[in-house]
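Structural description and commentary
Take a look at the letters that make up each chain.
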Amino acid sequence: MSEPVVVAHGGAGRVAKGRLEEHVAGVATAAEAGLAVLMAGGSVLDAAQRTVEVMEADPLYNAGTGGSLTDAGTLELDASLMEGAGLRAGAICCLPPFLHPIRVARGVLDDGRHVMLAAEGAARFAEAAGFERSTEAVMVTASARERLERWREGRVGEGWAGGTVGAVVSDGRGHVAAATSTGGTVGKRVGRVGDTPIVGAGTWADDRSGACSCTGIGEAILRFALARDACERLRQTDAATCAEEAIAAFGERVAGEGGLILVAPDGSVGIARNTETMSHAVARPSGTTSGS
Ligand code: GLY
């Protein structure tokens, strides 16, 4: 048995130096909120969900409020979560404005009939489950509009997806879970689905290997099934090495840009990126560490 741990990321990309401290601090706050849920008796899934909820509510990140916009200037939100004991998963993609896409994904998991719901069908499911629709007027930030304008002027690469958020959790007793949420890439086509809601690509959890949440260019992550790849490596070696090796292979095989957080069922942690920054935090009862 080892210490419980919550690991969070606030997205791989290029956060400007002047904003990095605040960006990292928000991730640490989220990880500590997730840990509080775990220490109060919540499940690893509850803790992963809570961690992501905190970042969805923070307009600094590309998830929930503050999410990146499509080429039509609309919000289409993707999220998923998974628990490693029963391999249960829930996901939504192209969800119109709802404050907490990860809660809707959790609703899909708990409902159990399907794993993923899309667009208007996901929205109708959410409403039937008691979630209120929000609006773009409430959830779209000035920063998201500026990112879209820069993209329209050719000043942001289409693939830029910085600020996706995610969490992985281990209870130190063999159980793991993962959760990820995003607005997707800036200027994406309406209807585009990235890696975040795809089980095995952006999110994976299996008590027999580990849990992983990915961030970066979704098309490459999808082609490489990065989250599952990283977890499968845990059968051979330690989490820190697996994270580095998975990102190296991802870069080499599909020219992928991004990062990941990884936790083994024994609570050991791996964090790796091949981008300039990836805000992250590791919260344990003995203390929190963070970095970028
Ligand atoms: N990794 C987030 C996305 O590409 O949508």
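First things first, this report covers the structure right here in the doc. These numbers come from a predicted model, not from an experiment. (Residues numbered from 1 in each chain as written. Predicted model: local features only at pLDDT ≥ 70, side-chain atom pairs only at ≥ 80, totals over all residues. Heavy atoms only, no water.)

Here Gly84 lies in the loop between strand 2 (77-83) and strand 3 (88-95). Expressed as a C-alpha distance, the spacing of Gly84 and Asp207, which sit 123 residues apart in the sequence, is 4.4 Å. Other than its neighbours up to four places away in sequence, Gly84 contacts Val176, Ala205, Asp206 and Asp207. (Helix = DSSP H or I, 4+ residues; strand = E, 2+ residues; numbered from the N terminus. Contact = heavy atoms within 4.5 Å.)

Let's shift gears to the pairing of strand 7 (residues 203-206). Here is the key point about a regular strand: its side chains alternate between the two faces of the sheet. The alternating pattern of strand 7 places Thr203 and Ala205 and Trp204 and Asp206 on opposite faces, both of which are buried. Sheet analysis places strand 7 next to strand 8 (residues 210-216), joined by 4 bridges and oriented antiparallel. Bridge pairing in strand 8 places Trp204 opposite Cys212. The loop that links strand 7 with its antiparallel partner strand 8 comprises 3 residues. (Buried < 20%, exposed > 50% of the residue type's maximum accessible area, 1.4 Å probe, protein only. Pairing = 2+ DSSP bridges.)

Taken together, Thr164, Thr182, Gly184, Thr185, Arg192, Gly194, Asp195, Thr196, Gly216 and Gly218 are the residues near the ligand. Between Gly218 and the ligand, the recorded distance is 2.9 Å, taken from a backbone N or O atom to an oxygen atom. Expressed as a share of its isolated accessible area of 200 Å², the protein-covered part of the ligand is 100%. By residue class, the composition of the shell around the ligand is no nonpolar, 8 polar and 2 charged. (Near = heavy atom within 4 Å. Polar contact = N/O pair within 3.5 Å; in protein donor to acceptor, adjacent residues only side chain to side chain. Areas by Shrake-Rupley, 256 points an atom, 1.4 Å probe, with all protein chains shown as cover. Nonpolar A, V, L, I, M, F, W, Y, C, P; charged D, E, K, R; others polar.)

So, on to the pattern of salt bridges. Under the definition given, this model contains 14 salt bridges. Between Arg106 and Asp46 there is a salt bridge, and its shortest N-O distance comes to 2.9 Å. Pair noted here: Arg106 is in helix 3 (residues 101-111) and Asp46 is in helix 2 (residues 44-56), with a separation of 60 residues, a long-range link. Arg173 serves as the salt-bridge partner of Asp171, at 4.0 Å between the closest nitrogen and oxygen. When its relative accessible area of 55% is taken as the criterion, Arg173 is described as exposed. Through salt bridges that share partners, Asp206, Arg228, Glu232 and Arg235 make up one connected network. (Salt bridge = Lys/Arg side-chain N within 4 Å of Asp/Glu carboxyl O.)

Purely geometric numbers; function is a separate question.
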